[in-house]
Amino acid sequence: MPHRMTVCAATSMDVPDLVELCLAARAEAGTGAALCSDDAGRLHDQLLTALGLPGGFVLVARHGDQADGMLVGRTVGPTLFADRVVVDLEALYVRAGVRRRGVGHALLTELVAVAEAAAAVEVVAAPLPGARGVERFLARAGFQAAASYRVVTTAALRRRLAADQPRTSRPLTGSIARPVTGGIARLVALRRQTLATGELPSVEVPAQDAQTSRQVSRTVATRRPASSSTVTS
């Protein structure tokens, strides 16, 4: 039975999988050294430290036992200089083989829940220079440029994520499948009926479509055959 995708707060038990994701992200990045260390042992210790920082959190997206994505963030504020609370999105990565299937969307959705629980007004991200894939993803999610950062209000991010539900052509062990509605739903139902009965089902044509069909039929009936056409030069 396929597993559903889950997103939850990472614990020390998740650190080995997070190390693997970090190393994969480093291998992809053009500026890998600026992203993280290539020493697995050092990464392990750094991730444990991130889990213990005040306000720090790490989210992990899983399909069954496989970790497919991670998000590292931190809740900041209020401070002596600002009375607002913001969430700092420090790192976001989705495994290459499962992109465009709702993993990043699910991680951001959980991030919004964390931000709302902390009464954070904004989410601030600072993607590495050259990380164009992350920058495009954040831009589609509503993040606006602010110097070297990208910023979006928590409310705006919630609305954008609700409007842009992930749509996939085929589910990946539990990812959300594309809803089948409208004309596609009717085609699916007709195909199933044909397979079940072995007969072509009758289809009711709406009045507007029937009128259009008659108009097209008259046009075709009065069209001159190709042999009668003339060419002038």
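Treat the numbers as computed from the prediction; the structure is a model and nothing was measured. (Residues numbered from 1 in each chain as written. Predicted model: local features only at pLDDT ≥ 70, side-chain atom pairs only at ≥ 80, totals over all residues. Heavy atoms only, no water.)

Q: Run through the overall build of the protein, naming residues and quoting values.
A: On a plain count of helices and strands, the protein comes out with 8 helices and 7 strands. A separation threshold of at least 6 residues defines the contact pool for the protein, and within that pool the share at least 24 residues apart is 58%. Working note: accessible area of the protein is about 15100 Å², and carbon and sulfur atoms make up 55% of it. (Helix = DSSP H or I, 4+ residues; strand = E, 2+ residues; numbered from the N terminus. Contact = heavy atoms within 4.5 Å. Areas by Shrake-Rupley, 256 points an atom, 1.4 Å probe, with all protein chains shown as cover.)

Q: Explain a positive patch on the surface residue by residue, including any values.
A: Taken together, the side chains of Arg 100, Arg 132, Arg 136 and Arg 140 make up a positively charged region of the molecular surface. Note that Arg 100 resides in the loop between strand 4 (86–94) and helix 4 (103–117). Relative accessible area serves as the criterion here: at 78%, Arg 100 is assigned to the exposed category. (Patch = residues over 30% accessible without salt bridge, like charges linked within 9 Å, V, L, I, M, F, W, Y side chains within 5 Å. Salt bridge = Lys/Arg side-chain N within 4 Å of Asp/Glu carboxyl O. Lys, Arg positive; Asp, Glu negative; His and termini not counted. Charge placed at Lys NZ, Arg CZ, Asp CG, Glu CD. Buried < 20%, exposed > 50% of the residue type's maximum accessible area, 1.4 Å probe, protein only.)

Q: Lay out the sheet that holds strand 5 (residues 122–125) in plain terms, naming residues and giving numbers.
A: Strand order across the open sheet formed by 7 strands is 1-2-3-4-5-7-6, with mixed pairing between neighbours. With one partner strand each, in any of the chains shown, strand 1 (5–9) and strand 6 (144–146) form the two edges of the open sheet. Along the sheet, successive strands turn relative to each other by an average axial angle of 30 degrees, direction set aside. Of the pairings in the sheet, the one linking strand 2 (residues 56–63) to strand 3 (residues 66–76) comprises 8 bridges and is antiparallel in character. Across the sheet, the residue bridging to Gly 56 is Arg 74, located in strand 3. In this fold helix 1 (residues 15–28) packs onto strand 2, strand 3 and strand 4, with an angle of close to 90 degrees to the strand it touches most, strand 3. (Pairing = 2+ DSSP bridges. Axes fitted to C-alpha atoms, helices over the stretch in contact; angles between N-to-C directions.)

Q: Please provide a residue-by-residue account of the packing of helix 4 against helix 6 (residues 154–163), values included.
A: Across the interface, helix 4 lies against helix 6 with an axial gap of 10 Å and an inter-helix angle of 145 degrees. The handedness of the crossing between helix 4 and helix 6 comes out as left-handed. Here His 105, Leu 108, Thr 109, Val 112, Ala 113, Ala 115 and Glu 116 of helix 4 come into contact with helix 6, specifically with Thr 154, Leu 157, Arg 158 and Leu 161. Considering only residue class, the contact of helix 4 with helix 6 consists of 6 nonpolar, 3 polar and 2 charged. (Left-handed = near helix turned anticlockwise from the far one by under 90°. Nonpolar A, V, L, I, M, F, W, Y, C, P; charged D, E, K, R; others polar.)

Q: So what about the packing of helix 1 against helix 3 (residues 40–52)? Which residues, and what values?
A: In contact at an axis separation of 9 Å, helix 1 and helix 3 are set at 115 degrees when each is read in the N-to-C sense. In this structure, the crossing between helix 1 and helix 3 has a hand that is right-handed. Counting all contacts with helix 1, which are made through Val 15, Leu 18, Val 19, Cys 22 and Leu 23, the residues of helix 3 involved are Ala 40, Leu 43, His 44, Leu 47, Leu 48 and Leu 51. Taken together, the residues that form the contact of helix 1 with helix 3 break down as 10 nonpolar, 1 polar and no charged.

Q: Account for the pairing of strand 4, naming residues and giving values.
A: For strand 3 and strand 4, the ladder comprises 8 bridges, and the chain directions are antiparallel. If you follow Arg 74 over to strand 4, its bridge partner there is Asp 88. Pairing between strand 4 and strand 5: 4 bridges, direction parallel. If you follow Val 86 over to strand 5, its bridge partner there is Glu 122. Handedness of the strand 4-helix 4-strand 5 crossover: right-handed. (Right-handed = clockwise from strand over helix to strand, strands pointing away.)

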